[in-house]
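The residues making up each chain are set out below.
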Amino acid sequence: MQARGVHFSLIVRRVITKGSPSFRRLNSGRTPRRESRTGGIGSQCFRSNRIVLWLLLITLWAYAGFYFQSRWAHGDNKEDLFSGGYGGESSGGNSEPQLNKRRDLIANVDSGAIELQSDANQSSLKNMDVVLMKNGSGVSLNKNTSPKKKSKRSGRGSRKKSRGKPKVVTEDVESEVEIQEEEIPKQNTTYGFLVGPFGSVEDKILEWSPEKRSGTCDRKGAFARLVWSRKFVLIFHEMSMTGAPLAMLELATEFLSCGATISVIVLNKKGGLMPELARRKIKVLEDKTDLSFKTAMKADLIIAGSAVCSSWIEQYLSRTVLGSTQIMWWIMENRREYFNRSKLVLNRVKKLIFLSESQSKQWLAWCEEENVHLNSEPALVPLSVNDELAFVAGIPCSLNTPSFTTENMLEKRQALRSTVRKEMGLTDDDMLVISLSSINPGKGQLLLLESARLMIEQQLQMNTSDSKDSILIDHDYYSRALLQNRKTDGGSSDGPTVDGGTKYNLKILIGSVGSKSNKVPYVKALLTYLSTHSNLSKSVLWTPATTRVASLYAAADVYAMNSQGLGETFGRVTIEAMAFGLPVLGTDSGGTREIVEHNVTGLLHPLGRPGAKVLARNLEFLLQNPSARQEMGKRGREKVQNLYLKKHMFQKFGEVLYKCMRIK
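Just so we're clear, the structure is a prediction, and the values are computed from it rather than from any experiment. (Residues numbered from 1 in each chain as written. Predicted model: local features only at pLDDT ≥ 70, side-chain atom pairs only at ≥ 80, totals over all residues. Heavy atoms only, no water.)

S.K.: Just checking my understanding: could you explain the overall build of the chain for this structure?
M.R.: The number of helices and strands found in the chain is 28 helices and 17 strands. Within the chain, buried positions represent 50% of all 664 residues. Long-range pairs, those at least 24 residues apart, make up 77% of the contacts in the chain with a sequence separation of at least 6. Here the chain has roughly 34300 Å² of accessible surface; of this, 53% comes from carbon and sulfur atoms. (Helix = DSSP H or I, 4+ residues; strand = E, 2+ residues; numbered from the N terminus. Buried < 20%, exposed > 50% of the residue type's maximum accessible area, 1.4 Å probe, protein only. Contact = heavy atoms within 4.5 Å. Areas by Shrake-Rupley, 256 points an atom, 1.4 Å probe, with all protein chains shown as cover.)

Shown next, in the form of structure tokens:
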């Protein structure tokens, strides 16, 4: 009976389906409660892992989207990560007609013929004496130089190929057609004795070149932390080798060195700084209107470097609402004509910056006259001596290394001085006075030459004072009174006392030959004046416009800053000369009066007609007193080290940037 029961139970177990709950309960050692617990944990783990995977995919998708959007918006490329260039769609059919217009005309003085040459192949040195004038019409282009027209089919194909690809920003010349004024011949006989430039001599003696510079930004400084990864648009009004473009060039270089993104807009590309922009890998936007406006709208700050930028600022403000909160205007001129052209937009920018106290007071007075109310108090940011010049001058800077200490650089500078003076034909008994400003009436080179003539020709008789000098009468606003001074004063001695000593010879070096800021009629007046005064012409040397000026400062003994009118706005060359230990002979006006301390770091003289006679006596005093030259130069160098180095300028500039930038 018991065996039958066991057999019956076995049959029942076989009948039970394997998938039924009863089968699981009979063949499982785990309780239902324990089974349900383990199953719940497994499903929860599966669900949580799936959520993590989805979150990870969403994060990667968002990152990829922002990455490609950023590349499209900022025109990123692998070769120039911080170049500040902009990549976007091409302008389509409008680009071909514009290329036909983007040419420069080179006037041939000898033949009078006009020939075409593309700006890309045109060397700035070959045209250094050319002054261009804009002319919108009346110029016929050479048919042989015009490119062939493309068919519609080929044009469509090229547009399809270029669609979707970022456009590489190239440096185009201006769209305006320009015509030369009458050109000055480039032979040495035209200028008498033309010397320099001495860039190769600097490289050989100093065993260093500015091209070796890899960046001098202090990455741990406050300025670097402020501008890092920010986007700036810098506006150059021209590319001449003068104060404002050079200051903006160094500002752009410092921004790039500190990790900012720079886009440069050039309103007028005449001048010799375009190759320097390319060497420093600073990209220039190809357009001055639509593309520049679009780029400026995405920038953290727009910095305009001249009062001439007013036209671009006005157009930009008409296209955007928030434009006034983006613009910082660094005005570097101090003439009423510049105020008149910019007064309509002075109160529509975020901040105005001036170079000197006298310039700021003058512009505020003009604003009060014209009832212009500024948005904020203007800031003062004086210019500085860049690290390259401070390095050669033997002043401690970021370029110093154990191999190039200040002591070593002072020795090399002395060797540079000896070599350059020898090439100029100078001896130890010659006092070289240099003036490196652009050659125009406002800089007073003709007045300087007349002062030198007064000093050289001390034997001028009273009966010859009635003769009239036609060159001076043509430029009467700064020279005519010299004829009157000859009648009334044959050389009074109310100036500095002259000590006895070795007889020295006066030599004057006039720089910036070929600068685009030179005035050709004024240059010809100087040449004509020298041709009529042979004694003076033997003492005058000329040198081309160049950015390699360290050799000229090293060879000089005195610097002359003879700016007329309202005086020099600031005078960057003044502090550069002081850094090399040169005393300064300057006009008692404008920024020069703020920089030069009379009888301490130099000698000041009045503006215009009365100042020429005083300048002649100051030249004679320094000529006969080399010890006074050395003492004044030493004190001027100390003042530069305390006030006018790069670190001083960027500390003030950084404070203004912090107040003006939009913090995102």
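S.K.: Hey, could you run me through the state of the cysteines in this one?
M.R.: Put plainly, a disulfide is one covalent bond tying together the sulfur atoms of two cysteines. Inspection of every chain in the model, using the stated rule, returns one disulfide. The side chain of C217 participates in a disulfide bridge whose partner is C258; the two sulfur atoms lie 1.9 Å from each other. Taking the torsion about the sulfur-sulfur bond, which here is approximately 105 degrees, the covalent link between C217 and C258 counts as right-handed. Taken together, the positions of C217 in the loop between α7 (199-206) and α8 (222-227) and C258 in the loop between α9 (243-257) and β7 (261-266) put the pair 41 residues apart, joining distant regions of the chain. Overall, the relative accessible area of 15% leaves C217 in the buried class. Residue C258 is classed as buried on the basis of its relative accessible area of 1%. (Disulfide = S-S within 2.5 Å.)

S.K.: I tried to follow the pairing of strand β13 (residues 505-513) on my own but got confused; where do I start?
M.R.: Along a regular strand, successive side chains alternate from one face of the sheet to the other. Burial analysis of β13 places eight of its nine residues in the buried class, the great majority of the element. Pairing analysis gives six bridges linking strand β12 (residues 430-435) to β13, with the strands arranged parallel. In the sheet register, V433 faces β13, and the bridge partner there is I508. As defined by bridge partners, β13 adjoins strand β14 (residues 540-544) across four bridges and the pair is classed as parallel. Note that in β14 the partner of V513 across the bridge is P544. (Pairing = 2+ DSSP bridges.)

S.K.: Just to check I follow, could you spell out helix α28 (residues 646-660) for this structure?
M.R.: Because each turn of an α-helix spans 3.6 residues, side chains separated by three or four positions end up pointing in the same direction. Given a rise of 1.5 Å per residue, 15 residues ought to cover 21 Å, and the 21 Å separating the end C-alpha atoms of α28 matches this to within 8%. Every buried residue of α28 is accounted for by K646, H648, M649, F650, F653, G654, V656, L657 and C660. (Expected span 1.5 Å × (residues − 1).)

S.K.: Before we go on, may I ask you to explain the sheet that holds strand β6 (residues 231-236) in this structure?
M.R.: Picture the strands of a sheet paired through backbone hydrogen bonds; they go either parallel or antiparallel. What the six strands build is an open sheet, ordered β7-β6-β8-β9-β10-β11; its pairing is parallel. Both edges of this open sheet fall to β7 and β11 (379-380), since each of them pairs with a single strand only. Strand direction decides the pairing type here: strand β10 (residues 351-354) and β11, joined by two bridges, are parallel. The partner of F354 across the bridge, within β11, is L380. Against the sheet, α9 touches β6, β7, β8 (301-304) and β9 (327-330), its axis set at about 165 degrees to β6. (Axes fitted to C-alpha atoms, helices over the stretch in contact; angles between N-to-C directions.)

S.K.: I would appreciate a short explanation of the packing of aromatic side chains in the present structure.
M.R.: Aromatic ring pairs are defined here through the distance separating the ring centres and the angle between the ring planes. As enumerated under the stated definition, the model contains 16 aromatic pairs in all. On the basis of an interplanar angle of 10 degrees and a centroid distance of 5.2 Å, the ring pair of W312 and Y316 is categorised as stacked. With W312 and Y316 both in helix α12 (residues 310-317) and four residues apart, this pair spans about one turn of that helix. Taken as a pair, W312 and Y316 share a single burial class, namely buried. Aromatic pair F570 and Y644: ring centres 5.9 Å apart, planes at 70 degrees, arrangement edge-to-face. (Phe/Tyr/Trp six-rings, centres within 6.5 Å; stacked < 30°, edge-to-face > 60°.)

S.K.: Can you walk me through a nonpolar patch on the surface in this structure?
M.R.: A surface patch of nonpolar side chains, amounting to about 310 Å² of accessible area, comprises I51, L55 and I58. Here I51 is to be found in helix α3 (residues 32-74). (Patch = residues over 30% accessible without salt bridge, like charges linked within 9 Å, V, L, I, M, F, W, Y side chains within 5 Å. Salt bridge = Lys/Arg side-chain N within 4 Å of Asp/Glu carboxyl O.)

S.K.: It is not clear to me how the packing of helix α11 (residues 290-297) against α12 should be interpreted in this structure. Could you clarify?
M.R.: When two helices pack together, you describe them by how their axes are tilted relative to each other and by the distance separating the axes. Contact pair α11 / α12: the axes reach a minimum separation of 11 Å and the direction vectors enclose 70 degrees. One way to sum up the angle between α11 and α12 is to call them roughly perpendicular. Seen from above, α11 lies across α12 with right-handed handedness. Judged by residue contacts, S292, F293, A296 and M297 of α11 engage W312, Q315 and Y316 from α12. Looking at the contact of α11 with α12 residue by residue, the classes come out as five nonpolar, two polar and no charged. (Parallel < 35°, antiparallel > 145°, perpendicular 65-115°, else oblique. Left-handed = near helix turned anticlockwise from the far one by under 90°. Nonpolar A, V, L, I, M, F, W, Y, C, P; charged D, E, K, R; others polar.)

S.K.: So what exactly am I meant to see when it comes to unusual backbone geometry here?
M.R.: The phi angle of most residues is negative, glycine excepted, and most peptide bonds adopt the trans form. The omega torsion across G196 and P197 is 0 degrees, close enough to zero to call that bond cis. Within the secondary structure layout, P197 lies in the loop between β5 (193-194) and α7. Although it is not a glycine, S229 adopts a positive phi angle of roughly 65 degrees. Looking at the secondary structure, you find S229 in the loop between α8 and β6. With relative accessibility at 51%, the residue S229 sits in the exposed group.

S.K.: What's the story with the pairing of β9 in this structure? I'm lost.
M.R.: Judged by which residues are buried, β9 turns out to be covered on both faces: I327 and W329 on one side and M328 and W330 on the other are all buried. Once you follow β8 into α12 and on to β9, the crossover reads as right-handed. By the bridge criterion, three bridges tie β9 to β10 in an arrangement that is parallel. Its bridge partner lying in β10, W329 is registered against L352. Handedness of the crossover joining β9 and β10 through helix α13 (residues 336-342) is recorded here as right-handed. (Right-handed = clockwise from strand over helix to strand, strands pointing away.)

Honestly, it's all geometry; don't read function into it.
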